[in-house]
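# Architecture at a glance
The primary structure of each chain is shown beneath.
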Amino acid sequence: MKIELANRIRNLPPYLFAEVDRLKGEQIKKGVDVIDLGVGDPDQPTPRFIIEELQKRSEDPANHQYPSYSGMNLFREAVARWMQKRFDVKLDPTSEIVSLIGSKEGISNIPYAFVNPGDVVLIPSPGYPPYTSGTLFCSGEPYSLPLKRENGFLPDLKAIPEEVAVRSKILHIKYQNNPTAAVATNEFFKQVVDFAKKYKIIVASDAAYSEIYFDEKEKPKSFLETPGAMEVGIEFHSLSKTFNMTGWRIGWACGHPEIIAGLGKVKTNVDSGVFHPIQYAGMIALEKGDEAMREIRQLYKTRHTLFVQGLKKIGFDVASAQATFYVWVAVPKGETSKTFAVKLLEKAGIVVTPGNGFGDGGEGYIRFSLTKEEARLKEALDRLKKFLG
Ligand SMILES: *Cc1c(COP(=O)(O)O)cnc(C)c1O
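Residues numbered from 1 in each chain as written. Predicted model: local features only at pLDDT ≥ 70, side-chain atom pairs only at ≥ 80, totals over all residues. Heavy atoms only, no water.

### Let's talk about the pattern of salt bridges
Pairing between side chains of opposite charge can happen when the charged atoms of each approach one another. Applied cut-off: Any carboxyl oxygen of Asp or Glu within 4 Å of a side-chain nitrogen of Lys or Arg constitutes a salt bridge here. Think of it this way: any DSSP run of H or I at least four residues long counts as a helix, any run of E at least two long counts as a strand, and we number them from the N terminus. When accessible area is computed with a 1.4 Å probe and restricted to protein chains, residues below 20% of their type maximum are described as buried, those above 50% as exposed, and intermediate ones as partly exposed.
Scanning the model with the defined rule gives 24 salt bridges in all. Between Glu52 and Arg48 there is a salt bridge, with the nearest N and O atoms lying 3.4 Å from each other. One end of the pair, Glu52, and the other, Arg48, are both in helix α3 (residues 48-58), four residues apart, so they sit about a helical turn from each other. Of the residues examined, Glu52 reaches a relative accessible area of 42% and is grouped as partly exposed.

Below, the structure written as structure tokens:
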């Protein structure tokens, strides 16, 4: 029997990192000591007190049964307290918060609740792949919003044609941004609220990197702090990057109750919630995690200062490095994202992510991920210096 893929899978854009993966495999086979600064996955372990909570709670048989669909009340109450303490955003735990199996799950599921075939979804480019695949799975039409350096890597909402805006159902935004490492301004968030109200568009804000910043005195804001934001949007949060918990799969969406209800309805049909011991562990992380968060931030800050200064000294054009653990670098004249990424791999044994892998708007850039020990980052800088010199 010939197995045929459905169109929705067959028509997905090609996996642009496949070529880099293949070349990386070749280098490793040749015995090259490859430094992988490509993947955005924290290298450090989850803090001990979170692991211990999981161990303890997993011993209780009551926690072995199906979890509650939208999250334990205790978990959602802990989220509400944290959102209030960290952002001054007030949320009702039962109607304005839903737990997620990682924020990627909610981001890919949200179009199922609100996008009809032919509706437009506004997606930043470079962007996070599930913004596009989730849209295509619902037969929606992705419309790219280029993130340009001259605009501080913020989308230009005024450049969206009227006929596109009126057909749009969802606007994805994500700050602190992956891959551009840019931050949003209050002014931009205000424009987003006005735009969304005018065209009745749901704002889906992705705040996965909200806790990865470098200045303790200037904590990034939540989109939901913007006046009027709760009337138009929801925000996705994740414990993945904040607490080195990418493998645990836990996050939440919060905001407008009807949007949360729509997402929740999709979820009751496709999944059965988050394992309770993981929710307990997430609660402890939010309640007792301030010190751990500060340590994780400090680690990235040290790496960040070292690496960004090093790159600049060698002559790289660092386009943006304001938050997150990424550094967004413009490729030299005459190169493309891909040609330069391939050269770095073949000549210096360093894996980076070519910017166009995140969409056309990322062409001309590469992304370094600082998810390796300081010594490896220093080694990478030495190799980069030799490579350029
Ligand atoms: C890592 C990341 C997430 C978080 O994904 P989880 O599913 O919560 O692990 C969300 N958005 C972006 C842009 C990310 O890079």
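Back to the text.
### Description of the side chain of Thr226
With respect to the helices and strands, Thr226 occurs in the loop between β6 (202-206) and α9 (229-232). By relative accessible area, which is 9% here, Thr226 ends up buried.

### What to know about the pairing of strand β3 (residues 120-125)
Where we set the bar: Note on pairing: two strands pair once DSSP finds at least 2 bridges between them. Look down the strands so they point away from you; if going from the first strand over the helix to the second traces a clockwise path, that crossover is right-handed.
For β3, a buried count of six out of six residues is recorded, marking the element as mostly surrounded by other parts of the structure. The side-chain alternation of β3 yields two buried faces, one formed by Val120, Leu122 and Pro124 and the other by Val121, Ile123 and Ser125. Both β3 and strand β4 (residues 141-146) contribute to a ladder of six bridges, which runs parallel. Its bridge partner lying in β4, Val121 is registered against Pro142. Crossover connection from β3 via helix α6 (residues 129-137) to parallel β4: handedness right-handed. One ladder, built from three bridges, connects β3 with strand β5 (residues 168-174); its direction is parallel. Bridge pairing links Val121 to Ile170 in β5.

### A look at the domain arrangement of the protein chain
How we decide: What counts as a domain boundary in this text is fixed by an automatic or database domain assignment. Here a residue-residue contact requires only that any non-hydrogen atoms of the pair lie within 4.5 Å. In short, buried area is how much 1.4 Å probe accessible area vanishes from two parts on joining, totalled over both.
Entries for the protein chain in the domain assignment read domain 1 (7-45 + 293-388) and domain 2 (48-290). The interface is formed by 35 residues belonging to domain 1 together with 32 residues belonging to domain 2. For the pairing of domain 1 and domain 2, the buried interface totals around 3,100 Å² over both sides, and the portion due to carbon and sulfur atoms is 60%. For the domain 1 face of the interface with domain 2, the top three residues by lost area are Met293, Arg297 and Thr324, together amounting to 24%.

### Focus on the site of the ligand
This is how the line gets drawn: Whether a residue is near a molecule or strand is decided by its heavy atoms; if any one of them lies within 4 Å of it, the residue is near. Here a polar contact is taken to be a pair of N or O atoms separated by no more than 3.5 Å, where protein atoms must pair a possible hydrogen donor with a possible acceptor and residues adjacent in sequence count only if both atoms sit in side chains. Three residue categories are used. Nonpolar comprises Ala, Val, Leu, Ile, Met, Phe, Trp, Tyr, Cys and Pro, charged comprises Asp, Glu, Lys and Arg, and polar comprises the others, including Gly.
As a matter of local geometry, the ligand sits amid 13 residues, with Tyr209, Ser238, Ser240, Lys241 and Arg249 nearest to it. One of the side-chain N or O atoms of Tyr209 is found 2.7 Å from an oxygen atom in the ligand. For the shell around the ligand, the per-class residue count stands at three nonpolar, five polar and five charged.

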